[in-house]
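Residues per chain are reported as follows:
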Amino acid sequence: MEPKVISYELDGKVALIGLNRPDKRNALNEALVLELAEAVRRAGEEAEAGVIFGHGKCFSAGLDLAELAERIAPDAPFPRKRRPRHLWHETFDLIARGSVPFVAALHGATVGGGLELATAAHIRVVDETTFFGLPEGQRGIFVGGGGSVRIQRIIGYETMADMMLTGRTLDAQEGRQAKLAQYVVPPGEALAMATRLARRIAENTPNTNWMITNVLPRMNDLSHDDGLFMEYLNTSMRRSPEAIGRLREFLDKRAEPLKPPSAT
Ligand code: 1HE
């Protein structure tokens, strides 16, 4: 049997999913992406939130260039049938628009397809060793894991074009300014912080988490009028027993109050 290239652990309500090809800097080959999809599906069944992180020196060096070189070699067989959807698109969408929210814990190189994967998560925590790059331009290829849509929507054309055309990399703080990360923590602390956040997310109702991960991003694609209509459709789902319980908790003064950031 092939060695596992994804680690999976259920920690209470949180699924911890690790990219586990440290010798190859967690380069994303087909086996890894297939195992990742399986782990994400499993998390959707049994967890309330997930964390994706990389074992070893970095989060991920992106697409496995050795595997690609073999696949596009002039004498390699051309696939007779096409997949209906690109495996990476399908897998990263399972993360971005699946059943549970995901937090990515990043350190070291988070480049190319590794960055595409990270941006499929809803929250990104980076430690100070993290750097972001899109070396596709230098490798003679193009983004293929949804980055042209997902990364471009986060950082905008200007920054993405700069990274791809010139090979510019962004450090953790620059990444945060470009909205690639919501949190920056000291070296080695990204996984612990991401896990804490995921535990908190796991306490929300599944319905609200689903609306935040599935409805909100789609609103971005809609006109003002269609967006408001979609919001109206979703608020009409608000009478779930869980929501009623949460409202009662607040009104009976049993809910934890919101605190300013300085108090958390
Ligand atoms: C790899 C890969 C890889 C490392 N595919 N094998 N991605 C890139 O262009 C990034 C290429 N990688 C790097 O620039 C560096 O490896 C890192 C900055 C990420 C890490 O450096 P370092 O010094 O820690 O490691 P290393 O010595 O360069 O690599 C260790 C091993 O991992 C080595 O293999 P070994 O057998 O010689 O030990 C490397 O060959 C191997 N390795 N990165 C295959 N990417 C669907 S579209 C998405 C398009 C993209 O993702 S483009 C970006 C591709």
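Residues numbered from 1 in each chain as written. Predicted model: local features only at pLDDT ≥ 70, side-chain atom pairs only at ≥ 80, totals over all residues. Heavy atoms only, no water.

Enquirer: Whenever I open this one, the overall build of the chain confuses me. Can you help?
Expert: Of the regular secondary structure elements, the chain holds 11 helices and nine strands. A compact globule built from 264 residues would reach a C-alpha radius of gyration of about 18 Å, and the chain, at 19 Å, matches this within 12%. Dimensions of the chain, computed from the C-alpha atoms along their principal axes, are close to 70 × 45 × 40 Å. In the chain, which comprises 264 residues, the proportion classed as buried is 41%. Intrachain contacts of the chain at a sequence separation of at least 6 include 71% that bridge at least 24 residues. Looking at the chain as shown, the accessible area adds up to about 15,400 Å², and 55% of this sits on carbon and sulfur atoms. For the chain, the distance from the average site of its 33 positive side-chain charges to the average site of its 34 negative ones is 3 Å. (Helix = DSSP H or I, 4+ residues; strand = E, 2+ residues; numbered from the N terminus. Rg over C-alpha atoms; globule rule 2.2 N^0.38 Å. Buried < 20%, exposed > 50% of the residue type's maximum accessible area, 1.4 Å probe, protein only. Contact = heavy atoms within 4.5 Å. Areas by Shrake-Rupley, 256 points an atom, 1.4 Å probe, with all protein chains shown as cover. Lys, Arg positive; Asp, Glu negative; His and termini not counted. Charge placed at Lys NZ, Arg CZ, Asp CG, Glu CD.)

Enquirer: Looking at this model, I keep getting lost on the site of the ligand. Mind explaining?
Expert: With respect to spatial proximity, 22 residues lie near the ligand, and among them Lys24, Arg25, Ala61, Gly113 and Arg139 are the closest. The separation between an oxygen atom of the ligand and a polar main-chain atom of Asp23 is 3.4 Å. The contact in question runs from an oxygen atom of the ligand to an N or O atom on the backbone of Leu63, over 2.8 Å. When the ligand sits alone it has 1,000 Å² of accessible area, and the protein chains cover 66% of it. For the shell around the ligand, the secondary-structure elements that each account for two or more residues are helix H4 (113-118) and helix H5 (136-139). (Near = heavy atom within 4 Å. Polar contact = N/O pair within 3.5 Å; in protein donor to acceptor, adjacent residues only side chain to side chain.)

Enquirer: Would you mind going over unusual backbone geometry with me for this structure?
Expert: Excluding glycine, a negative phi dihedral is what most residues carry, and trans is how most peptide bonds are arranged. The backbone of Arg25 shows a phi angle near 55°, a positive value even though the residue is not glycine. For Arg25, the location among the structural elements is in the loop between strand E2 (14-19) and helix H1 (30-46). Of the residues examined, Arg25 reaches a relative accessible area of 35% and is grouped as partly exposed. Phi angles above zero are rare outside glycine, and Lys179 is one such case at about 75°. As for its position among the elements, Lys179 is in the loop between helix H7 (172-177) and strand E9 (183-185). Residue classification places Lys179 among the exposed residues on the basis of a relative accessible area of 59%.

Enquirer: I would appreciate a short explanation of the sheet that holds strand E7 (residues 131-133) in the present structure.
Expert: Two strands in a sheet stick together by hydrogen bonds in their backbones, pointing the same way (parallel) or opposite ways (antiparallel). Strand order in the open sheet formed by three strands is E5-E7-E8, with mixed pairing between adjacent strands. Since the sheet does not close on itself, it has two edges, and those belong to strand E5 (109-111) and strand E8 (170-171), each with one partner. Taken together, the two bridges between E7 and E8 define a ladder with antiparallel strand orientation. Each residue of the ladder has a partner; that of Phe131, found in E8, is Asp171. (Pairing = 2+ DSSP bridges.)

Enquirer: Hey, could you run me through helix H6 (residues 147-166) in this one?
Expert: Residues spaced three or four apart along an α-helix point in a common direction, a consequence of the helix completing one turn every 3.6 residues. Compared with the 28 Å implied by 1.5 Å per residue over 20 residues, the 17 Å span of H6 between its first and last C-alpha is markedly short. Here H6 has its buried residues at Gly147, Arg150, Ile151, Ile155, Gly156, Met160, Ala161, Met163 and Met164. After H6 finishes, the residue Gly167 shows a positive phi value of roughly 80°. (Expected span 1.5 Å × (residues − 1).)

Nothing here speaks to function; it is geometry throughout.
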